[in-house]
Protein chains: 2
Amino acid sequence: MSVTIKDVAKKAGVSPSTVSRVLSNHPRISRETSRKVKIILEEMGYHPNIMAQSLVSKTTNSICVILPKSAEELFLNSFFMELVRGIVTQANRSGYDVVLSSGGSEQEEIDVVSRLINGKRVDGAILLYSRKDDSVVEFLQSNHHPFVLIGRSDKYPNLLSVDNDNVQAAYDATKHMISFGHKRIGFVSGPPNHVLSVDRLKGYQKALEESGIDMRKDWIVEGEFLQESGYRAMSFFMNLPERPTALVVVDDIVSFGVLRGLHELGYKVPDDLSIVSFNNISIAELSNPPISSIDIGIYNLGYTASQALIQSIQHQGEPQFQKRHIIPHRLVVRESSMFSMVDQTHQI
Amino acid sequence: MSVTIKDVAKKAGVSPSTVSRVLSNHPRISRETSRKVKIILEEMGYHPNIMAQSLVSKTTNSICVILPKSAEELFLNSFFMELVRGIVTQANRSGYDVVLSSGGSEQEEIDVVSRLINGKRVDGAILLYSRKDDSVVEFLQSNHHPFVLIGRSDKYPNLLSVDNDNVQAAYDATKHMISFGHKRIGFVSGPPNHVLSVDRLKGYQKALEESGIDMRKDWIVEGEFLQESGYRAMSFFMNLPERPTALVVVDDIVSFGVLRGLHELGYKVPDDLSIVSFNNISIAELSNPPISSIDIGIYNLGYTASQALIQSIQHQGEPQFQKRHIIPHRLVVRESSMFSMVDQTHQI
DNA sequence: ATGAAAGCGCTAACAT
DNA sequence: ATGTTAGCGCTTTCAT
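Thresholds, definitions, all that
Residues numbered from 1 in each chain as written. Chains lettered and ligands numbered in written order. Predicted model: local features only at pLDDT ≥ 70, side-chain atom pairs only at ≥ 80, totals over all residues. Heavy atoms only, no water. Helix = DSSP H or I, 4+ residues; strand = E, 2+ residues; numbered from the N terminus. Rg over C-alpha atoms; globule rule 2.2 N^0.38 Å. Contact = heavy atoms within 4.5 Å. Near = heavy atom within 4 Å. Polar contact = N/O pair within 3.5 Å; in protein donor to acceptor, adjacent residues only side chain to side chain. Nonpolar A, V, L, I, M, F, W, Y, C, P; charged D, E, K, R; others polar. Phe/Tyr/Trp six-rings, centres within 6.5 Å; stacked < 30°, edge-to-face > 60°. Buried < 20%, exposed > 50% of the residue type's maximum accessible area, 1.4 Å probe, protein only. Lys NZ or Arg CZ within 6 Å of the ring centre and 35° of its normal. Salt bridge = Lys/Arg side-chain N within 4 Å of Asp/Glu carboxyl O. Pairing = 2+ DSSP bridges. Arc of directions from axis to C-beta. Axes fitted to C-alpha atoms, helices over the stretch in contact; angles between N-to-C directions. Parallel < 35°, antiparallel > 145°, perpendicular 65-115°, else oblique.

Per an unreviewed UniProt entry, chain A goes by LacI family transcriptional regulator and derives from Paenibacillus antarcticus.

Engineer: In this structure, what is going on with the overall build of chain A? I would like to understand it.
Structural biologist: Looking only at helices and strands, chain A features 13 helices and 12 strands. Against the compact-globule benchmark of 20 Å for 348 residues, chain A has a radius of gyration of 26 Å, which places it well outside the compact range. Structurally, chain A occupies a C-alpha span of about 90 × 40 × 35 Å along its principal axes. Considering only contacts within chain A whose residues lie at least 6 apart along the sequence, 72% involve residues at least 24 apart.

Engineer: Quick question: what am I supposed to make of the protein's contact with DNA strand C here?
Structural biologist: Among the 25 residues in the neighbourhood of DNA strand C, the closest are listed as Ile5(A), Tyr46(A), Thr18(B), Arg21(B) and Thr33(B). Near-protein atoms of DNA strand C (within 4 Å) split between backbone and bases, with sugar and phosphate holding 71%. Within the backbone of Asn49(A), a nitrogen or oxygen atom sits 3.2 Å from a phosphate oxygen of DNA strand C. Note that a base nitrogen of DNA strand C is positioned 2.6 Å from one of the side-chain N or O atoms of Arg21(B). At the level of secondary structure, the elements contributing two or more residues to the surface near DNA strand C comprise helix 2 (16–23) and helix 4 (50–57) of chain A together with helix 2 (16–23) and helix 4 (50–57) of chain B. Each residue belonging to the surface near DNA strand C can be placed in one class, and the counts come to nine nonpolar, 12 polar and four charged.

Engineer: Looking at this structure, how should I read the packing of aromatic side chains?
Structural biologist: Given two aromatic rings, their pairing is described by the distance between the two centres and the angle made by the two planes. Applying the stated criterion across every chain yields a total of six aromatic pairs over all chains. With 5.5 Å between their ring centres and 65° between their planes, Phe236(B) and Phe237(B) make a pair best called edge-to-face. Its relative accessible area of 0% is what places Phe237(B) among the buried residues. Lying over the aromatic face of Trp219(A), Arg216(A) brings its terminal NZ or CZ to 4.0 Å of the ring centre. Residue placement shows Lys206(B) over the ring face of Tyr171(B); its charged tip is 4.8 Å from the ring centre.

Engineer: What's the story with unusual backbone geometry in this structure? I'm lost.
Structural biologist: Leaving glycine aside, a negative phi is the common case for residues, and trans is the common case for peptide bonds. Cis rather than trans, the peptide bond between Asn288(A) and Pro289(A) has omega equal to -5°. One non-glycine residue, Lys120(B), lies in the positive phi region at around 55°. By the element assignment, Lys120(B) lies in the loop between helix 6 (106–118) and strand 3 (124–128). The phi dihedral of Asn280(B) is positive, around 50°, even though this residue is not glycine. For Asn280(B), the location among the structural elements is in the loop between strand 9 (274–278) and helix 12 (282–286).

Engineer: Just to check I follow, could you spell out the protein's contact with DNA strand D for this structure?
Structural biologist: Residues in contact with DNA strand D amount to 25 residues; listed here are only the nearest, Ser17(A), Thr18(A), Thr33(A), Ile5(B) and Tyr46(B). Here DNA strand D approaches the protein such that, of its atoms within 4 Å, sugar and phosphate make up 65%. Within the backbone of Ser30(A), a nitrogen or oxygen atom sits 2.9 Å from a phosphate oxygen of DNA strand D. Within the side chain of Lys58(A), a nitrogen or oxygen atom sits 2.8 Å from a sugar or linking oxygen of DNA strand D. The set of elements that each furnish at least two residues to the surface near DNA strand D consists of helix 2 and helix 4 of chain A together with helix 2 and helix 4 of chain B.

Engineer: Whenever I open this one, the pattern of salt bridges confuses me. Can you help?
Structural biologist: Once their charged atoms are close, side chains differing in charge can pair, the charge on each being opposite to the other. Per the counting criterion, the structure on display carries 26 salt bridges over all chains. Of the charged contacts in the structure, one is a salt bridge between Glu32(A) and Arg35(A), with a shortest N-O distance of 3.6 Å. Placement of both Glu32(A) and Arg35(A) in helix 3 (residues 31–44) is noted, with a separation of three residues, approximately one turn of the helix. When its relative accessible area of 48% is taken as the criterion, Glu32(A) is described as partly exposed. Linking Glu82(B) and Arg85(B) is a salt bridge whose minimum nitrogen-to-oxygen distance equals 2.8 Å. With Glu82(B) and Arg85(B) both in helix 5 (residues 77–93) and three residues apart, this pair spans about one turn of that helix. There is no split in this pair, since Glu82(B) and Arg85(B) are both buried. Salt bridges sharing common partners tie together Arg184(A), Arg216(A), Asp218(A) and Glu242(A).

Engineer: Whenever I open this one, the pairing of strand 3 of chain B confuses me. Can you help?
Structural biologist: A regular strand places its side chains so that they alternate between the two faces of the sheet. Residues and elements named next belong to chain B. Burial within strand 3 is extensive, with five of its five residues counted as buried. Side chains Gly 124, Ile 126 and Leu 128 project from strand 3 onto one buried face, and the interleaved Ala 125 and Leu 127 project onto a second face that is buried too. One ladder, built from three bridges, connects strand 1 (residues 62–68) with strand 3; its direction is parallel. Residue Cys 64 lies in a different strand from strand 3, and its bridge partner there is Ala 125. In this structure, strand 3 lies alongside strand 4 (residues 147–150), joined through four bridges in parallel fashion.

Engineer: Got a minute to help me understand helix 1 (residues 5–12) of chain B in this structure?
Structural biologist: For an α-helix, the turn length of 3.6 residues means that residues three or four places apart are oriented alike. Residues and elements named next belong to chain B. Within the sequence span of helix 1, burial applies to Val 8, Ala 9 and Ala 12. The arc enclosing the buried residues of helix 1, seen along the axis, measures out at 100°, which places them on a common side. Those residues of helix 1 that are exposed and angled more than 90 degrees off the buried face are Lys 6, Lys 10 and Lys 11. Of the surrounding elements, those touching the buried residues of helix 1 are helix 2 and helix 3 (31–44). The residue sitting at the N-terminus of helix 1 and contributing the capping side-chain oxygen is Thr 4; that oxygen lies 3.1 Å from the backbone nitrogen of Lys 6.

Engineer: I would appreciate a short explanation of the packing of helix 1 (residues 5–12) of chain A against helix 2 of chain A in the present structure.
Structural biologist: Each pair of packed helices can be described by the angle between their axes along with the distance between the axes. All names here are of chain A. Between helix 1 and helix 2, the shortest axis-to-axis distance is 8 Å and the interhelical angle comes to 105°. When the interaxial angle is binned, helix 1 and helix 2 end up roughly perpendicular. Here helix 1 contributes Ile 5, Lys 6, Val 8 and Ala 9 to the contact with helix 2, which in turn contributes Pro 16, Val 19, Ser 20 and Leu 23. Of the residues belonging to the contact of helix 1 with helix 2, the class tally is six nonpolar, one polar and one charged.

In structure tokens, the structure reads:
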């Protein structure tokens, strides 16, 4: 068995409480005993039993993150790792551990979160929120458990959450195209039930409007966050009698599909079609040509979420300093959009 | 405060121990009380305090995974997520939670693991083992803590570990090239201090030897697991007076760099140079052209590691059924190697 | 079949 | 400045 506080106390000839006080640097403890006890602590290789600590302190210094497992959301792969890195880094810095869990279904997710939170294994939860409606949120919300959303909820607009300004991001992406002289700009969207798709579409429309460009319904296509969606969108656009000269694409992976399709058909990017997309995952940089992308600060998203959650855990009851955190985005211009319509005579 | 076993006992008019017994389906409990207590349990929304449980049971039903944070290993991004998915899925199925942690340095990693394991927060650890030597392994090993390696250790060949047969994998990849008629096959390796690089190089050499093809030292280049390494390797090879017609590349990301460089210089893959690499991360399929790659079963690697660890935790002391688990690999042939030298007259 | 009591390892009043 | 005691929520002998 491992060394307990009692063992140390006995060997040091003091009481367990004294050892405990030494451990927590209690002020009213003599230099001398402190030194003595610390030596024995070291000598015996003492390690505090975290479970015992948290049983009495009623706090676990842990948070949990729920992995979405549904295939639909797996597009997030490299995305998700970045997020988790951000979360774990910040949590560890604040002295918190991160428990990762996954639920097959929404009900399973609730069961998992409930077991962890109600079972006092973790102090709070971070949720990846993409669905428009989510019963896990409902559960946490109604039970007053500390949690933070990555994304935003239409239904509960006032939750603690970390998100990008996706409307603005899409606005910026579209403006970027417009500034290069494009007037025929298409939009490849994601599933219409994701807040993300909706927001980005909104920003796109706003930018067009503001520049006096008519929005054309037939230049907006919806799909999944999958390469195939991009491929399909591409073939759709290229078969149109009137084609766009630029595309704003909801996600890098989708752009990848577009690119591949264009390449197969012998079109050149950005000469024949300019492209800008979102998320700036590593694939955007690696692709051929590299894709201009809105960097949404994925790591930062995770880092901030963890920070916000831990803060809210440590200041339960107090009014929240900030409810909604917006992570700044920035456009990373790469080859896929480096083509000015202005100095060109030819158009496709 | 939340509902405890005592609260339930009081309301049910029984003793705490009875409630506990009902909870654990103890045989010697009457149908009647069991039913009654269960109803109240439900009614009051009881959830067992996991910390209290594990304090008495001396088991945590948790394992931890250490995230390598060093930039050098970040090439693993999408790789790592797959791994974690496998680990979490299997662990959850076995009723275990997964704690994710990261250490900046090797010493920090030891501190983290030590805190978690000695502090009885987790029962064991999963380690990503890529370095040739690793003090974390040393620590766990010498303290008899349950752990499993993903990868293998030269120094401690007999540890519980999950790995691929990388020699065979590289052998297969190389043979694949040879079967297409290639006789001039180069190898782009990773850092020479990774067992992975060494093993794959070994397999490459073995395949050449067996086919009576001379190995040429100048057709083997070492690098990092980065795109740039591929780029550099490519330019190196293409500037050689005598060029290879095929390349075996240690990692998909590296292949990606090769591909990009070739594209820039106007070379065609596979016509001018055939390529096969390892890991089969999503980028391999998405790339242009898609890269032939050895699928090493990343998810499976994680799943099996978790399984092996939990088994070893639950059967501590007993002799291990199996020490080294080998996850099968398989070659996924895509466009980058679909080119037969045999029916060709022209060669670069 | 059930209850009483002890104890897991730790902290925090409450003494002194 | 340090020791004594009680108790966190649970399980598990040991009684009955």
